[in-house]
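Each chain, letter by letter, is given below.
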Amino acid sequence: MLRSLLALLIVLLAVAPARAQDWAVKMFNTMSHDFGTVAKGSKAQFRFEVKNIYEEDARIVSVRSSCSCTSLQVPKQLLKTFETGEIIADFNTRDFQGQRSATIFVRLDCVSQAEVQLRVSGFIRSDVVLQPGALDWGTVDFGTPVEKVLQVAHVGSMDWRILDVKTADPHFEVELSQPMRTPGRISYELLVRLTKDAPIGYLKDQLILVTNDAQARELPVDMEGRIVTDITISPAKLFIGAVQPGQKVTKNLVVRGKKPFRIVDVQCPNKNFTIEHSDEPKAMHLVPVVFTAGDQPGRVAQKISIRTDLGENTVQAFTAYAEVVKPEPAAAEATPESKDAPAEKP
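What counts and what doesn't
- Residues numbered from 1 in each chain as written.
- Predicted model: local features only at pLDDT ≥ 70, side-chain atom pairs only at ≥ 80, totals over all residues.
- Heavy atoms only, no water.
- Helix = DSSP H or I, 4+ residues; strand = E, 2+ residues; numbered from the N terminus.
- Buried < 20%, exposed > 50% of the residue type's maximum accessible area, 1.4 Å probe, protein only.
- Lys, Arg positive; Asp, Glu negative; His and termini not counted.
- Salt bridge = Lys/Arg side-chain N within 4 Å of Asp/Glu carboxyl O.
- Polar contact = N/O pair within 3.5 Å; in protein donor to acceptor, adjacent residues only side chain to side chain.
- Pairing = 2+ DSSP bridges.
- Axes fitted to C-alpha atoms, helices over the stretch in contact; angles between N-to-C directions.

Novice: I'd love a proper account of the side chain of Asp 90, names of residues and values included.
Specialist: Checked against the element boundaries, Asp 90 lands in strand E6 (residues 84–91). For the buried Asp 90, which has no salt bridge, the nearest side chain bearing the opposite charge is Lys 43, at an N-O separation of 5.8 Å. A distance of 2.9 Å separates a polar atom in the side chain of Asp 90 from a polar atom in the side chain of Gln 73.

Novice: Report on the sheet that holds strand E11 (residues 162–166), specifying residues and quantitative values.
Specialist: Strand order across the open sheet formed by four strands is E9-E16-E15-E11, with mixed pairing between neighbours. In the strand order of this sheet, the two ends are held by strand E9 (135–141) and E11, each with one partner. Averaged over neighbouring strand pairs, the angle between their axes works out to 20° when direction is ignored.

Novice: Would you mind going over the sheet that holds strand E20 (residues 263–267) in detail, with residue names and values included?
Specialist: Strands sit in the order E18-E24-E23-E20 across an open sheet of four strands; the sheet is mixed. Edge strands, defined here as strands with exactly one partner in the open sheet, are strand E18 (237–243) and E20. The mean inter-strand angle of the sheet, taken between neighbouring strand axes irrespective of direction, is 20°. Direction of pairing for strand E23 (residues 298–308) relative to strand E24 (residues 316–324): antiparallel, over a ladder of nine bridges. Following the sheet pairing, Ile 304 is matched in E24 by Phe 318.

And the structure:
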């Protein structure tokens, strides 16, 4: 009988910590990522999204990796209710090769502390080298075609071939050179062109190198950048916050130009949002965005366009969104404009 009670106690003690972590696990939409097969020197990065779904502030206290093959970044440690952050994992493809994996330990604080384990893995080829490791377009003016050169080298079999280059984005054009051979090495040069009709905004995509290699027919190449006009809006996604029905919240938007300009029109179909702007020409406008919450709880999002006197190509848009939440009954009776109610409680 005593042995049975001791065994039961051991099981309960083992299960309790796991259940205590459940609230933290709910903040992640994915817990693992497989990079697949990647070339040496290539950029292999994955962003684990973490969202605070609770009333209390959540803090990313610390992160660490079980393997030096993976480095970590945390751009934002403190997350208010419904705010989203990231754990950025970078696979070190320059200094490591072969099959690699890492466990990422993330310690979170929200009422209590908990630790979540994430995982990344992938196979780093030593016989295929990219230069550069990714195509970083930086900031590109709208309507300006830009070209980049990517060099791909394979060491070993002289029968290795790049058969095709694919991308899901129609605004990229690729010219593949004939194979260049030296003893024990075959290389290609790719001329990658970003077309002048590429749309305004952030671009993030991949080139897929299709090879005749049975072990790894496809090799990804990351591409990212930003296409801008004379006018830029920050932030591109404006989070109003968690708002109770009837509450009014104001957040500021920054609209910048290369020279003084006037805001001549703002288009916003949703009447819950009110945008105030000045007719005065300035190089930077601080634009208040006022949100008045309706009666229905839930997510409210609206794309809003801003037109200036610099021409049609300078029309810019941003997305404003908010979470309308119901207050707890007791709090609602005591203070109608009390703190936002939570989506969940840990």
